[in-house]
Amino acid sequence: KFDRKPLIAGNWKMNMDHVQGITLLQKLAWTLSDARHDYSRVETAVFPPFTDLRGVQTLVQGDKLKLVYGGQDLSPEDEGAYTGDISGAFLAKLGCAYVLVGHSERRSIHGETDELLNRKVKAAYRNNLTPVLCAGEGLEIRQAGTHVDHTLNQVRAGTVGLTSEQVCELVVAYEPVWAIGTGEVAGPQDAQEMCAAIRAELGELFDADSAAKVRLLYGGSVKAANVAAILRERDVDGVLVGGASLDAAEFANIVRFEK
Ligand code: G3P
């Protein structure tokens, strides 16, 4: 656990236009700039809408902010006649380090399949972006007790054909759909149960050393008040925060969680 630096990531979803995005990031940087914050302790990332990324790049690089950023999605292709899509190559050129792949809102609203998401994961690696592969079950599956199988299937399908080297870099976010935007947070033990299962599965599919390097995030109604308990769990290496990442003070408090 101690080799895996915690990743605290804010997914802005379709919130914050490019002007609001800059204001939010400036407030966040200002709040974190106080001397009590040890930047080396965690990696802080934001996932703004595509239209914000150029502004975010200018601010982060110009002001040397100690945070990284990424896109919320990418095309499985690198360029061409794909109207409306954004490629991993374009994201990389804007300085993105990460890209979300298969967020539950992409799976449910856009009908993204595991096969497509596997192609997106590969497109991310091809363009030197770290994919954050999202997986997790809905309420009915949780109630039926098949949530572990369901989530592991998504992870297996998303990682088909990767090399062990690529797996070492991988980030997987466990986001139970019933906990997203609902205020209902999975218990730390639920997050740990799933993250341990994902790590074990990746160990089987690839190898234990690579699996030990994968960073596993929990997402779903994370706030400053519950983040520490979640991150205390052995296999949980970070959080993917939605709503609470839109408030600079709250997100700063999440980044500065007390162990
Ligand atoms: O990607 C993060 C997200 O889906 C969780 O959203 O608003 O419950 O923190 P939220």
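Note that this is a predicted model, so its numbers are computed, not measured. (Residues numbered from 1 in each chain as written. Predicted model: local features only at pLDDT ≥ 70, side-chain atom pairs only at ≥ 80, totals over all residues. Heavy atoms only, no water.)

A.B. asks: What exactly am I supposed to notice about the site of the ligand here?
C.D. replies: Around the ligand lies a shell of 13 residues, among which His103, Gly181, Ser221, Gly242 and Gly243 are the nearest. A distance of 2.6 Å separates an oxygen atom of the ligand from a polar backbone atom of Gly181. With respect to the ligand, the backbone of Gly242 contributes an N or O atom lying 2.8 Å from an oxygen atom. Relative to its unbound accessible area of 310 Å², the ligand is 95% covered by the protein chains. (Near = heavy atom within 4 Å. Polar contact = N/O pair within 3.5 Å; in protein donor to acceptor, adjacent residues only side chain to side chain. Areas by Shrake-Rupley, 256 points an atom, 1.4 Å probe, with all protein chains shown as cover.)

A.B. asks: I would appreciate a short explanation of the side chain of Ser221 in the present structure.
C.D. replies: Considering the arrangement of structural elements, one finds Ser221 in the loop between β7 (215-219) and α11 (224-231). At a separation of 2.8 Å, a polar atom in the side chain of Ser221 contacts the main-chain carbonyl oxygen of Ala179. In terms of polar contacts, Ser221 uses its side chain to reach the backbone amide nitrogen of Gly183, at 2.9 Å. If we skip the residues at most four places from it in the chain, Ser221 touches Ala179, Gly181, Thr182, Gly183, Glu184, Val185 and Asn226. (Helix = DSSP H or I, 4+ residues; strand = E, 2+ residues; numbered from the N terminus. Contact = heavy atoms within 4.5 Å.)

A.B. asks: Sorry, what's going on with the packing of helix α5 (residues 114-126) against helix α7 (residues 147-158) here?
C.D. replies: In a packed pair of helices, the relevant descriptors are the angle between the two axes and the axis-to-axis distance. One can describe the packing of α5 onto α7 by two numbers: an axis separation of 8 Å at closest approach and a directional angle of 50 degrees. It follows from the interaxial angle that α5 and α7 lie oblique. Within the contact between the two elements, α5 uses Asp114, Asn118 and Val121 and α7 uses Gln154, Ala157 and Gly158. Looking at the contact of α5 with α7, its residues break down into 2 nonpolar, 3 polar and 1 charged. (Axes fitted to C-alpha atoms, helices over the stretch in contact; angles between N-to-C directions. Parallel < 35°, antiparallel > 145°, perpendicular 65-115°, else oblique. Nonpolar A, V, L, I, M, F, W, Y, C, P; charged D, E, K, R; others polar.)

A.B. asks: Just to check I follow, could you spell out the sheet that holds strand β8 (residues 238-241) for this structure?
C.D. replies: One key point about sheets: their strands pair by backbone hydrogen bonds, in either a parallel or an antiparallel sense. The 8 strands lie next to each other as β1-β2-β3-β4-β5-β6-β7-β8, forming a closed barrel whose pairing is parallel. If you compare each strand with its neighbour and ignore which way they point, the axes differ by 25 degrees on average. Relative to β8, strand β1 (residues 7-11) runs parallel, the two sharing 4 bridges. The residue bridging Gly10 from the neighbouring strand is Val241, located in β8. Set on the sheet, α7 makes contact with β5 (130-135) and β6 (171-174); between it and β5 the angle comes to about 150 degrees. (Pairing = 2+ DSSP bridges.)

A.B. asks: What is the right way to read the side chain of Glu112 from this model?
C.D. replies: Note that Glu112 resides in the loop between α4 (104-109) and α5. With residues near it in sequence (within four places) discarded, Glu112 still touches Asp73, Arg106, Arg107, Leu117 and Lys120.

A.B. asks: Where do I start with the packing of helix α1 (residues 18-32) against helix α12 (residues 248-255) in this structure?
C.D. replies: One can describe the packing of α1 onto α12 by two numbers: an axis separation of 9 Å at closest approach and a directional angle of 45 degrees. With respect to α12, the axis of α1 lies oblique. Where α1 crosses over α12, the two elements pack in a sense that is right-handed. Residues Leu24, Lys27, Leu28, Thr31 and Leu32 of α1 pack against Ala248, Phe251, Ala252 and Val255 of α12. Counted by class, the contact of α1 with α12 contains 7 nonpolar, 1 polar and 1 charged residues. (Left-handed = near helix turned anticlockwise from the far one by under 90°.)

A.B. asks: Would you mind showing me how to read unusual backbone geometry here?
C.D. replies: Among all residues save glycine, negative phi is the norm, and among peptide bonds the norm is trans. The backbone of Asn128 shows a phi angle near 60 degrees, a positive value even though the residue is not glycine. Its location among the elements puts Asn128 in the loop between α5 and β5. Residue Asn128 is classed as exposed on the basis of its relative accessible area, which comes to 69%. Despite not being glycine, Ser221 shows a phi value in the positive range, around 55 degrees. (Buried < 20%, exposed > 50% of the residue type's maximum accessible area, 1.4 Å probe, protein only.)

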